[in-house]
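Chain residues, written in single-letter form:
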Amino acid sequence: MRGEPRLTGGRRRRNSLVAAPALLLSTLLAAVCMLLLGSTALAGPGSSSRLCGACHGPLRSQWAGSAHATSWTNPVFQAFLADAREKLGSEIQANCLPCHAPLAHVSGDRQVFDPVAQEGVGCNFCHNVSAVDPSTKPGSYTYDPSNPNLMRGPYRDADPMGAHEAIYSEIHTQSEFCASCHSASHPRSGLLIEGTYLSWKRWSGAEYDMTCQECHMPPAPGKAATVAKKTRPAVNAHSFVGPRSTPAWLSDAATLKGSVSAGRLRLEVENAKAGHALPGGGNSMRTITLDVVFSNAAGAEVQRLQAERFGTEFADADGMFPVPKWIGHSVARATEIGPDSSRVVLCDVPPGASRAEAVLTYHAIHPAYRAMLVKRGVDLSGRAPIVLARTTVVLP
């Protein structure tokens, strides 16, 4: 969302407390918020996002259920981090901090001891970013610690009512803000390990300023703070909507069509919704599988096969793939489904088959790694495979 235009008229004055009881309540609530910190400043370099929730309760609750809030603590990340340390040494952790524990990164807390840093990508961090270089350098943001009480955001007319200072920030309205972590190359191998932003740049919607925020922070009428005087036509949600938080969100992300061409089964997968390549997210970590079951006239299974895996997969120094992004040395497969595009897969029809059923499934964790995580007892809640589409083809 672009910032709202500056109001042309001055603020309306209260004629009386009786005429505007809501304003009196807002003032009292703001005072309570300030008392929670013991001063007139709610924000600070070590301030927990819980403090922000005193006035921004609904937005803070949305964020708390998002992947950003658990970017450091989520058990899958911690299991993979342990694997990376085991294979590459403990110093590799420093490469993860800029995006998984950014406050730890900017404060030099390399072991992430600070509980606030453990909150992941939190309020204080994002709203103290003053600039972003949309490159492939991990954590390509500029964090400004000079005035931690100054919150940057998308409104030109923000009135924090003394809780903190506020200033309009254009970068917070642009996809380039997200590029600071969703466009990254591995510092050792140089492989592109996060390419979501770059694939968005190739999308036709990018030309018309359809930003990441439009989809992942969907706007709705409301108040940016419970104590705010103004109801806005558009307040961006802080749920950072995605497959983990909202599996149904993928229900129409891709389509699957089947037909017979020159005696072979023809399957076409189209990226119908996403403004970036599918499966998106970390390269060599997620995948979309296309599985086919052939059956005969009696309904008995004739053959079962995985026709394709969509996504980018890395190989290690010995050529084994897929491997996690931190030990990748080369790209073994590059079969992502780009925005505004489709991929066609052809399958030979086995003798006796009269029917083919195809299923397209999204995997937040590549199946190659899931067994390892299960063996370690890692909590995989919210990461079950999601069926994107199905189709049935009657064979001649």
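In case you missed it, the structure is sitting above this.
The structure reproduced in this document is the subject of the present report. Keep in mind it's a predicted model, so treat the numbers as computed, not measured. In this numbering scheme, every chain counts its residues from 1 along its sequence in written order. In keeping with the model being predicted, local features are shown solely for residues with a pLDDT of at least 70 and side-chain atom pairs are shown and tallied solely at 80 or more, while totals for entire chains, interfaces and linings include all residues. As a rule here, side-chain values come from all non-hydrogen atoms in the structure, and water together with hydrogens is ignored.

**Considerations on the nonpolar core**
Reasoning step 1: Ranked by internal contacts, the top residues of the largest apolar core, which has 28 residues, are Leu256, Leu265, Leu290, Phe294, Phe310 and Leu360.
Reasoning step 2: For the purposes of this entry, the term helix denotes a DSSP run of H or I that reaches at least four residues, the term strand denotes a run of E that reaches at least two, and both are numbered from the N terminus. Residue assignment for this core shows that the elements contributing at least two residues are strand S9 (254–261), strand S10 (264–271), strand S11 (287–295), strand S15 (342–347), strand S16 (355–363) and strand S17 (386–394).
Reasoning step 3: Non-local contacts of Leu256, meaning those with residues more than four positions away in its chain, are made with Leu267, Glu268, Val269, Leu290, Ala358, Val359, Leu360, Ala389, Arg390 and Thr391.
Reasoning step 4: Membership of the second largest hydrophobic core comes to 22 residues, among which are Leu81, Leu97, Cys99 and Val129. Here the nonpolar core consists of buried residues drawn from Ala, Val, Leu, Ile, Met, Phe, Trp, Tyr and Cys, with membership extended through side-chain atoms lying within 4.5 Å. Working definition: with a 1.4 Å probe on protein chains only, accessible area under 20% of the residue-type maximum means buried, over 50% means exposed, and in between means partly exposed. Throughout, a residue-residue contact means that at least one pair of heavy atoms, one from each residue, lies within 4.5 Å.

**Regarding the state of the cysteines**
Reasoning step 1: Throughout, disulfides are identified as pairs of cysteine sulfur atoms within 2.5 Å of each other. Counting across every chain of the model gives one disulfide.
Reasoning step 2: Disulfide pairing places Cys99 opposite Cys181 at an S-S distance of 2.1 Å. With the S-S dihedral at roughly -100 degrees, the linkage between Cys99 and Cys181 falls on the left-handed side. Placement of the pair is Cys99 in helix H5 (residues 97–100) and Cys181 in helix H8 (residues 176–182), with a sequence separation of 82 residues.
Reasoning step 3: A relative accessible area of 18% means that Cys99 is categorised as buried.

**A word on the packing of aromatic side chains**
Reasoning step 1: A pair of Phe, Tyr and Trp rings is counted when the ring centres sit within 6.5 Å of each other, with Trp represented by its six-membered ring. The angle between the planes then sorts it: under 30 degrees is stacked, over 60 is edge-to-face, the rest tilted. Scanning the entire structure with this criterion turns up six aromatic pairs.
Reasoning step 2: Relative to Tyr369, the ring of Phe80 lies with its centre 6.1 Å away and its plane at 85 degrees, an arrangement referred to as edge-to-face. Of the two residues, Phe80 is situated in helix H4 (residues 75–88) and Tyr369 in helix H11 (residues 367–375); the sequence distance between them amounts to 289 residues.
Reasoning step 3: Judged by centre distance (4.8 Å) and plane angle (75 degrees), the rings of Phe125 and Tyr141 are edge-to-face.

**Here's the deal with the sheet that holds S17**
Strands in a sheet are paired, the pairing made by backbone hydrogen bonds, and the direction either parallel or antiparallel.
Reasoning step 1: Pairing between strands requires that DSSP locate at least two bridges from one strand to the other. Across the sheet, four strands lie side by side as S12-S11-S16-S17; this open sheet has antiparallel pairing. Whereas interior strands pair on both sides, the edge strands pair on one side only; in this sheet they are strand S12 (301–310) and S17. Going from strand to strand, the sheet's axes swing by 15 degrees on average, the running direction of each strand aside. In this description, a line fitted to the C-alpha atoms serves as the axis of each element, helices being fitted only across the stretch in contact, and the angle between N-to-C directions of two axes falls anywhere from 0 to 180 degrees.

**Some points on the sheet that holds S15**
Reasoning step 1: Here three strands make up an open sheet; going across it, the order is S9-S10-S15 and the pairing antiparallel. The two strands at the open ends of the sheet, each matched to only one other strand, are S9 and S15. Within this sheet the neighbouring strands show an average axis-to-axis angle of 20 degrees, counted without direction.
Reasoning step 2: Bridging between S10 and S15 involves six bridges; their strand directions are antiparallel. When the sheet's bridge partners are listed, Leu267 is paired in S15 with Val345.

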